[in-house]
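Structure at a glance
The residues making up each chain are set out below.
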Amino acid sequence: MVRCGKAVLRQYGNFIDDLRLYVRGGTGGMGYPRLGGEGGRGGDVWFVARERTTLKSIKDRYPQKRFVAGPGANSSVKALKGEKGKDCEVHVPPGISVLCDDGKQIGELNAAGERFLAARGGLGGSLATNFVPCKGQRRIVHLDLKLIADVGLVGFPNAGKSSLLSKISHAKPEIANYAFTTIQPVLGKIMYADYKQISVADLPGLIEGAHANKGMGHKFLKHVERTKQLLLVVDISGFQLSVKTQFRTAFETILLLTKELELYKEELLTKPAVLAINKMDLPCAKDNLNELMKQLQNPQDFLHLLQEEMIPENTLEFKDLIPISTCTGEGIEELKACIRKSIDEEAERENEEYRKKKLLLLQTSE
């Protein structure tokens, strides 16, 4: 058991979603009092979003996690205006939030090419500073990564999320019959015949109490924030984490997942969502599905059977419900088509909103 636990810790260590760095802008150059020369300004430290970059690669390449920009050049007889110091650029993955040491967010980088000024260089010596240079800005920052994906797989452990990702994409996540197979996020891409690609994130399994950071709670839930849509994966036969925990039916599982999302951040329930009912190859799966459909069509008729703390205040509106089996392949192509349709509809809605805003701006400017 101990050996297994250590293996789990080592594997999770391969993925880093939070990194603490020291950044410091360069010191300004000396001024030249006799001729009124001005020293060059110190260089700046910039975070620049770049694809195929990870926080782990930053940690491995710069183990000291210190980034200091170059000093400004001194003023001299040959150059009364000193040159600016060399900037320091740190390449970071898209999806980064930049936080101060007190936890306050000061910036974010969501797309490749975006830049954030992490530490400004100091002013060079001049008449205003009595020709004495200023030191650059220095601070400790946290880089907090939230994965950006089109679709986020949401479900309790052993619901079949990893198996589903391996069926619909080229990703090869670890798959086993114990609860916490996925211990680090895995990204895959669904490839369509017309070369359309949709990214899917398989995230570590939720447990009851995840909103309060139980299990991998916040490590999982923060990644859900930047996915465009949710794909809930539920075991039709129900779920039980261990012999010490209560058995949950598929209906209860859906409500509990909704409750955990709601308690962590209510806005998550506004995302478009699709429900995949997995393991339809099991005995009694069709009977269980018929019962689940009755419960989902009239949920109010069954809420009295549940504990009050399990019932979410708001419900997820599923655009589609697809019975599937990752074992036999049942429903997989239908699910892929459903995901494509949902993504395309959402993109069209966003484009329409953008066109309306542009039109409104044109009308008001006239």
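Residues take numbers from 1 onward in each chain, read along the sequence in its written order. Whole-chain, interface and lining totals are the exception, using all residues; otherwise, since this is a predicted model, local features are given only for residues with pLDDT of at least 70 and side-chain atom pairs are given and counted only at 80 or more. The side-chain values count all of the structure's non-hydrogen atoms but skip hydrogen atoms and water molecules.

The name given to the protein in an unreviewed UniProt entry is GTP-binding protein 10, and the organism recorded there is Aramus guarauna. According to UniProt, the comment filed for the protein under the heading Sequence similarities (unreviewed entry) is "Belongs to the TRAFAC class OBG-HflX-like GTPase superfamily. OBG GTPase family." Listed in UniProt under the heading Subcellular location (unreviewed entry), the comment for the protein reads: "Nucleus, Nucleolus". UniProt positions are given in the numbering used here, feature names are shortened, and annotations may be inferred rather than shown by experiment.

**Brief notes about the layout of surface pockets**
One number sums up the size of the largest pocket: a volume of about 520 Å³. Forming the boundary of the largest pocket are 24 residues, of which Glu51, Pro94, Leu147, Ile148 and Leu187 lie nearest the centre. It is strand β10 (residues 186-191) that contributes the most residues to the lining of the largest pocket, three residues altogether. Three or more residues apiece are contributed to the lining of the largest pocket by two domains, here domain 1 (18-145) and domain 2 (149-351). In this structure, the second largest pocket encloses a volume near 390 Å³. Around the second largest pocket sit 19 residues that line it, and Leu296, Pro299, Thr315, Leu316 and Phe318 are the ones nearest its centre. Among the elements of the structure, α5 (250-264), α6 (285-297) and β14 (318-323) are those that each provide at least two residues to the lining of the second largest pocket. In DSSP terms, a helix is any run of H or I states spanning at least four residues, a strand is any run of E spanning at least two, and both are numbered starting from the N terminus. Considering every element that reaches the lining of the second largest pocket, the biggest residue donor is α5, with four residues. Throughout, the protein atoms alone are placed on a 1 Å grid, and a set of points is a cavity if a 1.4 Å probe fits but cannot get out or a pocket if it is open with protein on both sides within 12 Å along at least five of seven lines; lining residues have an atom within 4 Å of a point. Grid points are joined across faces, edges and corners, and a volume is the space filled by probe spheres set on the points. These domain limits were set by an automatic method or by a database of domain assignments.

**Comments concerning the nonpolar core**
In terms of nonpolar packing, the biggest core is built from 57 residues, with Val45, Phe47 and Leu261 touching the most fellow members. Residue contributions to this core peak at seven residues, all from α5. Inspection of this core shows a minimum of three residues originating in each of domain 1 (18-145) and domain 2 (149-351). Whether two residues are in contact is decided by their heavy atoms: any pair within 4.5 Å suffices. Contact partners of valine 45, with chain neighbours within four places excluded, come to Val23, Arg24, Gly25, Phe67, Ala69, Cys88, Val90, Phe116, Leu117, Ala118 and Ala119. Only buried residues count toward a nonpolar core, which is a set of Ala, Val, Leu, Ile, Met, Phe, Trp, Tyr and Cys residues joined through side-chain atoms within 4.5 Å. Relative accessibility decides the category of a residue: with a 1.4 Å probe and only protein chains considered, values under 20% of the type maximum give buried, values over 50% give exposed, and everything between is partly exposed. Counting residues in each nonpolar core, the second largest holds 22 residues, with Val186, Val233, Ala276 and Ile324 among its members.

**As for the packing of aromatic side chains**
Centre distance within 6.5 Å is the pairing criterion for rings of Phe, Tyr and Trp, where only the six-membered ring of Trp is used; planes under 30 degrees apart are then read as stacked, over 60 as edge-to-face, and the remainder as tilted. Evaluated as defined, the whole model comprises four aromatic pairs. Between the aromatic rings of phenylalanine 47 and phenylalanine 116, the centroid separation amounts to 6.5 Å while the plane-to-plane angle is 20 degrees, which identifies the pairing as stacked. Of the two residues, phenylalanine 47 sits in strand β2 (residues 45-49) while phenylalanine 116 sits in strand β7 (residues 115-119), which places them 69 residues apart along the sequence. Relative to phenylalanine 302, the ring of phenylalanine 251 has its centre 6.3 Å away and its plane inclined at 70 degrees; by these criteria the two rings are edge-to-face. Here the residue phenylalanine 251 occupies a position in helix α5, and phenylalanine 302 occupies one in the loop between α6 and β14, the gap between them amounting to 51 residues. Here, a charge over a ring is recorded when the distance from Lys NZ or Arg CZ to the ring centre is within 6 Å and its angle to the ring normal is within 35 degrees. Against the face of tryptophan 46 rests arginine 115, its NZ or CZ located 4.6 Å from the ring centre.

**Focus: the sheet that holds strand β13 (residues 273-278)**
In this analysis, strands are considered paired if DSSP registers two or more bridges between them. Across the sheet, six strands lie side by side as β10-β11-β9-β12-β13-β14; this open sheet has mixed pairing. At either end of the open sheet lies a strand with only one pairing partner, and these are β10 and β14. Across the sheet, the mean angle separating the axes of adjacent strands is 25 degrees when strand polarity is ignored. Every angle, taken between N-to-C directions, lies between 0 and 180 degrees, and every axis is a line fitted to C-alpha atoms, over only the stretch in contact when it is a helix. Contacts between helix α3 (residues 161-168) and the sheet are confined to β9 (149-154), β10, β11 (197-202) and β12 (227-235), with β11 contributing the most and set at about 160 degrees to the helix.

**Digging into the sheet that holds strand β5 (residues 96-100)**
Taken in spatial order, the five strands of this open sheet run β3-β1-β8-β5-β6, and their pairing is mixed. Of all strands in the sheet, those bounded by a partner on one side alone are β3 (66-68) and β6 (105-109). On average, each strand axis in the sheet is inclined to that of its neighbour by 25 degrees, with strand direction left out of account. Note: β5 against strand β8 (residues 138-145), five bridges, orientation antiparallel. Across the sheet, serine 97 pairs through a bridge with aspartate 144, a residue of β8.

**So, unusual backbone geometry**
With a phi angle near 60 degrees, asparagine 130 is a residue other than glycine that sits in the positive phi range. On the secondary structure map, asparagine 130 appears in the loop between β7 and β8. Within the chain, cysteine 284 stands out as a residue other than glycine whose phi angle is a positive 65 degrees. Along the chain, cysteine 284 falls in the loop between β13 and α6.

**Some words on α3**
Residues that lie three or four places apart on an α-helix share one face, since the helix turns once every 3.6 residues. Most of α3 is tucked away, with six of its eight residues classed as buried. Taken together, the buried positions of α3 are Lys161, Ser162, Ser163, Leu164, Leu165 and Ile168. Where α3 is buried, its residues meet β9, β10, β11, β12 and α7 (332-365).

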